[in-house]
Amino acid sequence: QGKETNQTIGETPLRHLVYRVQPLPESMRRFVWDFGQLKPETEKLYIEQLVKHFLECTISISNVEPHLRQVTDVLAASQAFMRQKQDECSFVSIRDVKRTLSVAKWFYEMHEILKPLLDDARIRLSGSLWKLTRKRVSLLATSIVLALGVCYHARLQDRHSYRNCVYKILRLAPLALAGGPEVIENEIRLCQEVFLDQMKLPPGIGRSRALCENVFMMVVCINLQIPLFLVGKPGSSKNLAKDIIKATMRDAENKSTLFRQLKQVQVLSYQCSKKSTAPSIIKLFQSAERIQETHDSNAFTACVVLDEVGLAEDSPHMPLKALHPLLDEGTRAVGYSENSEEAVSSRLGSRHEATAYAIDTIRRKPTNEPELCTDVAEILAQSKTITKASFLGLSNWALDPAKMNRGVLVNRGIPVEDDLIECSRGICSGDRNAQQLLRPSFRGLAKAYLRAYHSQDSEKECYGLRDFYSLVKLLYSGCLRYGEAPSWPQLEYAVKRNFGIQNNYCIQAFRDCFPHLALGYHTQSLTSSMEFIRDNLSPQGDEACDSRYLLLLTENNAALQILRQEILTSDEPEIIYGSCFRRDQEYTDACQQLRRIKVCMATGRTVILLNLDKVYEGLYDVLNQYYVHHKGRRFVDMGLGSDRVTCQVHRDFRVIIIAEQKHVNEKFPIALISRLEKHYLSMTSVLSASQITSSKQLSAWARSLETPSTDRRQGDSDSHLAEVFMGYHKDTADTIVMTVENEVGKKDEKTSQQEYDRRVFTKAYSFLLQIATPETFVCRRASEHFKQVQNAYFHDQEHFSLAKYLKNLQKESHNMSGLLVQVATRSRGMPSMPQQQILEKQLKRQVTVTSLGDYDTEREFSIKCSNFYCSSDSNPGYLLIHCDSLYYSQEMLSFVVHIIQEEKRAVSQRERGRSLGNVVIVIYVPRENDSLFSTMIRSAWRYVYIDDVYRDPKRAVSVSKVMGCTISSVIGKANSMLQSELERQTAGSITESMVCSEAAIDVETVLLESVHTAVSRIDDPEQQSNRRINNVLFLIDRSRNHDPVSKSFVAVLVDRVVTLLKAEENRGGTERASLWVQSTGMDTLKLQAGGTFSEALWREVIRAVTPLLSEIIAYIDVDNNLEVALNASVYVQSLWLDFFSASGITPLKHEDFSSLEHRTLRDRVPVASYGFGGHHFTALFPFSCRVKSRVDDMLSEAASQARQRVKDTSGQLTIKSVKLEILRRIFDKSDIGVLLHKLVTKSPGDSKSLIRDYLNDFVHMVYNPVSEDPKSEIQMVFMALENEITSNQRLDIPSIHSIFQDIQHFVDSLQRMLSYGIRLGNRFLAQQLIKRCQTETPSGMVNTNCQRLRFFTTSCLCTVFRYLMLCVQHCSPLHAVLYQQKISLIGHHASNG
């Protein structure tokens, strides 16, 4: 029906519209004119003129007037009746009137030939089921009735009302048709029977009403060259009628008396599809017209047949638009030349346009073809003499009315019960005895079929007339074989085989129609599709009893494996797999596949077709199984479009099409489905009772491991299991059990069934465990059984490294050859060259890596696989094929596996004994595509899930070692293990690879990946982020190169990180912190972000370490303190590390870094500067700011003790001398003093320079330079302070602090003098002050305490006084008062200093 389409405009099907057109350009809108439609009275005037010409000139009848009125009324009534219909029949025009009169003329002229045949038929069929009129009908009345039957009656499904309508007019004189409306039907059917009687039908063909009418309509329309559209559901004898016509009207010698008087016909077929194009259709019409030119048009016609033309209507190229002019005027109407690759889509409206096109055609004619014509006028003259070819369009549904109105429409509806009975009688006509046995069942079969047909889903009619015909043929073959009427088991077998095992409503319909046979039978023991398939493939004795070819509906590609292992065990079928590569979707590839099928047809080899949607349309005639016989051989047409060839068909040839059930329901056309015997084949249908039990146990065990996550997406249980077991589907358990049993072998007599089942289940459970994901085993509470499974997964199997997995396989098998492995993974990307070299080094074999996206054709990939297998030597290598999600599809993966298996088999057969290489397919499956991926388990293949195929061992996280542990304990254990093992490595007792393998995590890599993010969290006003990153990375890299200082730095840094981590974990709860692995495995967002579970865990570690590392880096790099660790001597670097490791010297407390508002780590880390006044400087002494703070505290304590001691001695000692002595004693006993003493012992020279470095840092921390030359200013103070200390004391840290406390007021005065000079506005004055203090020293000055510093201050003071006095003399009175105030202030400070 027209409504049976998915292409609609709103709710209106496109097939209900008159034209399917492109939008009209806006510039053309003003030229649009609506001509409207003829009024009935106007149309009747046209009809009257046509009829008058017909009666007067065509048949030259006398008494024209009464006949004119009656024929005109009949045709007008027919037009009006059709317009009242609500379907495609309502579109009629004057074309229909013209065709009716043309057909009437033809029947009128054929009267002498048809009359004796009709009279004989009346006598022969007088006792048939339908009545025949015994009163002679006039010749004109017969011609008019038959013409109405061709042009109007045939297009209707409900024809009774039309016959009543026209009979009211035909019964009147002068035509005077008597006998009631039935006489119209009788006359039409009688003529149809006569035409069919003149044809030789093959045995087993039922003379159904549909076949009679189809043949009749085709003969009439082909002879009159009237386009014919034959529309009907699959099985309505459209193609059968075409083949009968083709065989009967092809040769004049083989024709009957009737057909010798008709035209000889040459049929040119075109198989339409959604890929059809207008040029290909036009070329076919041109070929037909060219053939017709060489024959007498009165005795010969070429007929263009478009098979399944409805498929082309759904093509986006709109190829059927070319039919409009072709059906009207032939190829001259479209201006198409065979020498051109293009077709002019619009008709040429003028001679000028035709001339221009002809000239262009000549210009583009290939030079290698003979010159046909050179004159434009000659081309135009030839175009006018071309004879239009006949046309026949076969379709399963109605086309748009614009096409069908250009020809005669035959609309085949659902057959009635009597028609099915008649067809059944014809199918069983080969043997009269068998027909008599089955005759009582004909009506019951017809009733049951119609009941079952109407009860199925109307949107997808999976079962139709061909299934009914096959059912009758199967019952007929049973009667031939057993010589008795069918019993209920035989009937039920036939129903299930043709309508499906699970089609309960169909079985019930037949049970209701055959209650006497079904009595006492409840269930049928034969319930397996396997038996039906075996029976279908078994040899048939009689061609009339041949089974239809097979369509195996399956899921997860299980049918192919079952066929090869269970059914086609002795034969080696030809498997033709449709290519999924990009450049194999072209027309030439489809032709190559058809060529392979043709070879199998000729040799009788069974062919299995998969994923060949583009080829199936070329096999429709083959699947019809209607053969042309010649010299004992069978032939049939095959091809795509107009490229068709006649092929020989061997008796043993069988076709099996395998397709996914979902794909069949969505993509397969009804025309293809109806031609095949359909069976659903899955793993469940081939399992034994014990295997089904094992499968259920395995499924139950699998469901027990489902992750109890609340944020998983909703869906069925299989979709959830696909997250647990990669690629799990409902047939996975069945397939595993079947595969494992084939590996284990059949049970021997010594083994009990229970022991055998236990062995199978254990191996199956291990098989299924191989494709499990690691997060499954960290997200459940541990039970005793679960711990065993967990241990098997993490210790007995390998799921985190491809290299380790393959090495384990090498250990299992000494002869590592011909291995086939399919690896599913979450990690994306191919290995880099270093990674590939590492893989080769680990496997000790050559590794070739390729990607599926690198190949455009099947041939390229096949050559790659063949060359790999042929190049294998005694030490076979590995071919790693990467399948990215961009190129992945289930069909592509199955196709690739098929190619690999075929190439391996070909090489092993060609070169026996050769060691074959190992192929590994690595499939990247994103988490969002879990439900789209299915693991197609096949024998000889190994399947495994590897979380991260090429993961760097340094970035790996050992899941089994970190479960139940906090991140701090994991890092702490790894750090201590690394340090101890590196010490042994230094001693030569352990290798570096052993160190990496035993550690749960590589702490150095953790630091390396955390540094950048950690430094980015630091607020750095000096913009020194790059320096910090480079310094830390440099220290870590030196640690990898076994630098002892850097290794100690990493160890200390990790220890401090661990300490802070522990404090953070304690605040949140240690038990909760130990569940971080489980929470990561259950967090969908973290898994999505990480991709792999290993990466998600790694990121979780980095996330925990990074903020703490940023706090530590900001802490240890105060005043560029990291520069000391990099650039100082070895002993100073050791001291730096000792200070860093001493928590008393460098205290790091977690609460100091927490946000007061949220009690969490702060988002941004500030950098402190300990330069006096906030100025920045680069420290030279390790952690000088921390040392100064500690020594200041010691100085306060020493001053307190000194005062007490002086008080106790009654003033005999001075506080200064006692204070310094006590400070030195306290300092020496402190941790700082102890560490410095070690340095003095090891390197006295470094200790002296280190004290001066401390003094430099000390000056920066107590003095803020104010001039534009801060370096000189600091140097001045440094020299003064150094001379002050060394005049009476040794230079050490206690003396620096003690003496500075005594002279601090002089330093403050100096700073004020310099700041006064700058604030007075004369920066030159300040520079002179500094220069004078550095260069001038009075002769004879003794370096007593404070003398040099006093001199500096006095010099500055005198200079400032002189400058101010000059300002007073040369300024205004107001400014003079201001300067005098400053002089008084300076004098006050001088008197106090």
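Nothing here was measured: the structure is a model prediction, and the numbers come from that model.

> Can you tell me about the overall build of the protein, naming the residues and giving the values?
Along the protein, the regular secondary structure elements total 60 helices and 22 strands. Sequence separation of at least 24 residues holds for 76% of the intrachain contacts in the protein that already meet a minimum separation of 6.

> Lay out the nonpolar core with the relevant residues and their values.
Trp701, Phe725, Phe861, Ile900, Phe1049 and Trp1136 are the most contacted members of the largest nonpolar core, which has 191 residues in total. Broken down by element, this core gets its largest block of residues, 15 residues, from helix H49 (residues 1093–1116). Sequence-distant contacts of Ile900, that is, excluding residues within four places in its chain, are made with Leu820, Phe861, Cys865, Tyr869, Ile881, Val919, Ile921 and Trp941. Residues Leu177, Leu211, Cys221 and Leu228 belong to the second largest nonpolar core, which totals 88 residues.

> I'd like a rundown of the confidence of the model for the protein, residues and numbers included.
Of all residues in the protein, 82% attain a pLDDT of 70 or more, and the chain-wide mean is 81. Confidence drops under a pLDDT of 50 for residues 709–715, and excluding neighbours within four residues, the segment shows 17 contacts in the predicted structure.

> Just give me the short version of the sheet that holds strand S19 (residues 918–924), but keep the residues and values in it.
Pairing within the open sheet is parallel, and its 5 strands lie in the order S17-S18-S19-S16-S20. Bordering the open sheet on either side are strand S17 (847–851) and strand S20 (942–945), each of which pairs with just one other strand. With direction set aside, neighbouring strand axes in the sheet form an average angle of 20°. Taken together, the 4 bridges between strand S16 (residues 820–825) and S20 define a ladder with parallel strand orientation. If you follow Ala824 over to S20, its bridge partner there is Tyr945. The strands touched by helix H37 (residues 833–843) are S17 and strand S18 (878–883); relative to S17, the strand with the most contacts, the crossing angle is about 140°.

> Residue-level account of H49, with values.
Across its 24 residues, H49 extends 34 Å between first and last C-alpha, which sits within 8% of the 34 Å expected from 1.5 Å per residue. Along H49, the helix axis deviates most sharply at Thr1106, where the bend reaches about 30°; the proline Pro1107 sits within four residues downstream. Most of H49 is tucked away, with 22 of its 24 residues classed as buried.

Rules used throughout
Residues numbered from 1 in each chain as written. Predicted model: local features only at pLDDT ≥ 70, side-chain atom pairs only at ≥ 80, totals over all residues. Heavy atoms only, no water. Helix = DSSP H or I, 4+ residues; strand = E, 2+ residues; numbered from the N terminus. Contact = heavy atoms within 4.5 Å. Core = buried A, V, L, I, M, F, W, Y, C linked by side-chain atoms within 4.5 Å. Buried < 20%, exposed > 50% of the residue type's maximum accessible area, 1.4 Å probe, protein only. pLDDT = per-residue confidence, 0-100. Pairing = 2+ DSSP bridges. Axes fitted to C-alpha atoms, helices over the stretch in contact; angles between N-to-C directions. Expected span 1.5 Å × (residues − 1). Bend = angle between axes of the 7 residues up to and from the residue.

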